[in-house]
Amino acid sequence: MTKIKGKLFVILSYSPGAGKSYFMLEKGAQQLKLGKKVLVGFLFERHRKSDVDNIGGMKIAYNREKNIYNISEILEEKPDVVLMDELGVSFKDKMGNVRFVYEDVERLIDEGIDVYTTVNLKKFQGINDEFKKLSGIGVRKQIPIKFLEMADKIFFIDRDEKLLIKDFNSNDLFRERYMKSKIMNKNFSEKTLEKYRKLSYKILENYKEKLEVIERN
């Protein structure tokens with residue numbers, strides 16, 4: 001008997017700070033109200049001020065102090081839905097091996113668990129080069145494009161460029177070391193964001209049958 005796979009919901013944006021993680025937590029809270037067992041499997045808190053206060057009644061299933069999770073412990077909980085932030089993040093497991101969040105997302109889906117995950121569109125293989133041509137900013141650790149192909153639903157969080165810049169300059173989004181980053185400051189220029197936004201809509205035409213745009217303006 002073939003095991004039924006879980007569904008994959010990918011939450012995209014064209015820039016950090018658009019509200020992907022917050023939206024993911026909202027979707028998790030909705031599933032919780034429907035009676036599903038929902039785990040916050042991972043929230044990436046190293047570079048930004050945390051969204052953890054927005055988890056509602058969902059259980060946190062990762063080590064907040066070390067900002068790392070254990071996939072075996074998540075599976076032992078037998079959840080219906082798991083929220084996995086930042087699809088392209090990598091870390092070392094207990095054996096010292098480098099793992100990516102997307103590897104564990106695939107494992108959860110194979111176990112019949114629905115997954116909501118977040119990622120910037122430019123981090124995918126075959127797409128990153130197009131973004132790099134616009135700004136010179138590349139991504140070394142890229143995500144296999146198959147995760148867009150296999151997604152059951154894609155949410156694109158669209159926030160106006162000027163509002164993103166206003167949010168960035170408020171110092172309420174990211175931790176100090178990232179606010180001083182040359183790459184972050186280059187990213188949050190109106191010219192760069194305008195190009196990124198336009199390119200994102202062009203790319204997402206390929207996925208319009210399963211795309212939902214969420215405007216945060």
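Note that this is a predicted model, so its numbers are computed, not measured. (Residues numbered from 1 in each chain as written. Predicted model: local features only at pLDDT ≥ 70, side-chain atom pairs only at ≥ 80, totals over all residues. Heavy atoms only, no water.)

Peer 1: Sorry if this is basic, but what is going on with the overall build of the protein here?
Peer 2: Counting its regular elements, the protein contains nine helices and 11 strands. Scored against the burial criterion, the 217 residues of the protein give a buried share of 51%. Considering only contacts within the protein whose residues lie at least 6 apart along the sequence, 71% involve residues at least 24 apart. Accessible surface, the protein as shown: approximately 11400 Å² in total, 47% of it carbon and sulfur. (Helix = DSSP H or I, 4+ residues; strand = E, 2+ residues; numbered from the N terminus. Buried < 20%, exposed > 50% of the residue type's maximum accessible area, 1.4 Å probe, protein only. Contact = heavy atoms within 4.5 Å. Areas by Shrake-Rupley, 256 points an atom, 1.4 Å probe, with all protein chains shown as cover.)

Peer 1: Sorry if this is basic, but what is going on with the nonpolar core here?
Peer 2: The nonpolar side chains of a soluble globular protein tend to be buried, and buried together. Leu12, Met84 and Phe124 are the most contacted members of the largest nonpolar core, which has 66 residues in total. Not counting residues up to four positions away in its chain, the partners in contact with Phe124 are Leu12, Leu87, Val119, Gln142, Ile143, Pro144, Ile145, Phe147 and Leu148. (Core = buried A, V, L, I, M, F, W, Y, C linked by side-chain atoms within 4.5 Å.)

Peer 1: Before we go on, may I ask you to explain the environment of Gly56 in this structure?
Peer 2: By the element assignment, Gly56 lies in the loop between strand E2 (38-42) and strand E3 (59-60). For Gly56, a relative accessible area of 65% corresponds to the exposed category. Residues Gly56 and Leu32, 24 residues apart in the sequence, show an inter-C-alpha distance of 9.2 Å.

Peer 1: What am I meant to see in the pairing of strand E10 (residues 153-158) here?
Peer 2: Within a regular beta strand, the side chains point alternately toward one face of the sheet and then the other, so they alternate between its two faces. E10 sits mainly inside the fold: five of its six residues count as buried. Pairing analysis gives four bridges linking strand E1 (residues 8-13) to E10, with the strands arranged parallel. What sits directly across from Leu12, in E10, is Phe156. Judged from the five bridges that link them, E10 and strand E11 (residues 211-215) form a sheet pairing that is parallel. Within E11, the residue paired with Phe155 across the bridge is Glu212. (Pairing = 2+ DSSP bridges.)

Peer 1: Which parts of the structure should I look at to understand the pattern of salt bridges?
Peer 2: Pairs can form between side chains of opposite charge once their charged atoms are near each other. Applying the stated criterion to the full structure yields 13 salt bridges. A salt bridge links Arg99 to Asp104, with the nearest nitrogen and oxygen atoms 2.4 Å apart. Overall, the relative accessible area of 22% leaves Arg99 in the partly exposed class. Residue Asp104 is classed as buried on the basis of its relative accessible area of 0%. (Salt bridge = Lys/Arg side-chain N within 4 Å of Asp/Glu carboxyl O.)

Peer 1: Looking at this model, I keep getting lost on the pairing of E2. Mind explaining?
Peer 2: Of all five residues making up E2, five are buried, and the element is well covered by its neighbours. Looking at chain direction, E2 and strand E6 (residues 81-84) are connected through four bridges and run parallel. Note that in E6 the partner of Leu39 across the bridge is Val82. With two bridges connecting them, E2 and E3 associate as parallel partners. Looking at the pairing, Val40 lines up with Ile60 of E3.

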